[in-house]
Amino acid sequence: MDSKNYHEDLSHIRSMMERSSRFISLSGLSGVVAGLAALIGAGYVYVVFQREGINYFDGDRNIFHPALVRELVIIGTLILFVAILSGYFFTANKSKKKGLKIWDATTKRLLFTFSVPLVTGGMVCLALLYHHLFVLVAPATLIFYGLALVNAERYTLTDVKYLGYCQIALGLLSLFFLGWGLLFWALGFGVLHIVYGLIMHKKYK
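Residues numbered from 1 in each chain as written. Predicted model: local features only at pLDDT ≥ 70, side-chain atom pairs only at ≥ 80, totals over all residues. Heavy atoms only, no water.

Enquirer: Before we move on, could you go through the confidence of the model for the chain and cite the residues and values that matter?
Expert: On average, the chain scores 80 in pLDDT, and the residues at 70 or more come to 79%. Across the chain, the secondary-structure element scoring lowest on mean pLDDT is helix 1 (residues 2-21), at 47, and the one scoring highest is helix 6 (residues 160-174), at 94. Throughout residues 12-21 the model reports pLDDT below 50, and contacts reaching past four residues in sequence, or to other chains, amount to nine contacts. (pLDDT = per-residue confidence, 0-100. Helix = DSSP H or I, 4+ residues; strand = E, 2+ residues; numbered from the N terminus. Contact = heavy atoms within 4.5 Å.)

Enquirer: Outline the packing of aromatic side chains, listing residues and values.
Expert: Tallying each qualifying case throughout the model produces five aromatic pairs. For the pair Phe114 and Tyr145, a centre-to-centre distance of 6.3 Å together with 85° between the ring planes defines the contact as edge-to-face. In this pair, Phe114 is assigned in helix 4 (residues 105-130) and Tyr145 in helix 5 (residues 137-152), connecting sequence segments 31 residues apart. Ring pairs connect the aromatic residues Phe114, Tyr145, Trp185 and Phe189, which therefore count as one cluster. (Phe/Tyr/Trp six-rings, centres within 6.5 Å; stacked < 30°, edge-to-face > 60°.)

Enquirer: Just give me the short version of a nonpolar patch on the surface, but keep the residues and values in it.
Expert: On the surface, a cluster of nonpolar side chains totalling about 540 Å² of accessible area is made up of Leu36, Leu39, Leu183, Leu187, Val191, Val195 and Ile199. For the nonpolar patch, the secondary structure elements donating two or more residues are helix 2 (28-51) and helix 7 (181-204). The element contributing the most residues to the nonpolar patch is helix 7, with five residues. With respect to the helices and strands, Leu39 occurs in helix 2. (Patch = residues over 30% accessible without salt bridge, like charges linked within 9 Å, V, L, I, M, F, W, Y side chains within 5 Å. Areas by Shrake-Rupley, 256 points an atom, 1.4 Å probe, with all protein chains shown as cover. Salt bridge = Lys/Arg side-chain N within 4 Å of Asp/Glu carboxyl O.)

Enquirer: Could you give me a rundown of the packing of helix 5 against helix 6, with the residues and numbers involved?
Expert: Where helix 5 contacts helix 6, the axes come no closer than 7 Å and their chain directions differ by 160°. Here helix 5 is positioned roughly antiparallel relative to helix 6, judged by the angle of their axes. Where helix 5 crosses over helix 6, the handedness of that crossing is left-handed. Residues Pro139, Leu142, Ile143, Tyr145, Gly146, Leu147, Leu149 and Val150 of helix 5 touch helix 6, and the partners they reach there are Val160, Lys161, Leu163, Gly164, Tyr165, Gln167, Ile168, Leu170, Gly171, Leu172 and Ser174. (Axes fitted to C-alpha atoms, helices over the stretch in contact; angles between N-to-C directions. Parallel < 35°, antiparallel > 145°, perpendicular 65-115°, else oblique. Left-handed = near helix turned anticlockwise from the far one by under 90°.)

Enquirer: Talk me through the nonpolar core; I want residue IDs and the actual numbers.
Expert: Core analysis: the biggest nonpolar cluster contains 25 residues, and Phe49, Ile79, Trp185 and Phe189 have the highest contact counts within it. For this core, the secondary-structure elements that each account for two or more residues are helix 2, helix 3 (66-98), helix 5, helix 6 and helix 7. If you tally residues by element for this core, the top one is helix 7, at seven residues. Aside from chain neighbours lying at most four places away, what touches Trp185 is Ala38, Ile79, Ala138, Thr141, Leu142 and Gly190. (Core = buried A, V, L, I, M, F, W, Y, C linked by side-chain atoms within 4.5 Å. Buried < 20%, exposed > 50% of the residue type's maximum accessible area, 1.4 Å probe, protein only.)

Right, dumping it as structure tokens:
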């Protein structure tokens, strides 16, 4: 009996230490919603290409005029907004059910470690857009987003780093298939997010 209580106490202490050092309220459903938003956005971009007379799958190098680039940036920003909003909603709801604070020192550390690679990648993408190197934007977003996930893993669920590794690998692979960025982007931000979200929801629900 004493041995059983000892192990229960150790488990309780380990759980308390994990809660204090890691943000464990991330919701898998937020990943699913973000993935669906990305796929819808990618589908809409494909429709925009068709409207502009661009046959995305014909393998030709296409020239994007400034108005089209602005529209694509707006679409990407809307997708990012939906992903952040859904992430906050589902994570806040999960935290409330578990009786955990959503904003504490651990959350601040998580956001900082996540933001450094992400903001850096955002600046790189702006520079690529400025120099009209549009074909490199999709690989860059995947790579830097993956680096942000791997960097943030120390303050949240360990499984996040595996999603990060997949994003980095997909981004690097897309560098060898320039011109197919929309497809790789849909796979990374769409399909991978949905698969990861479903796995996490089942594992940590």
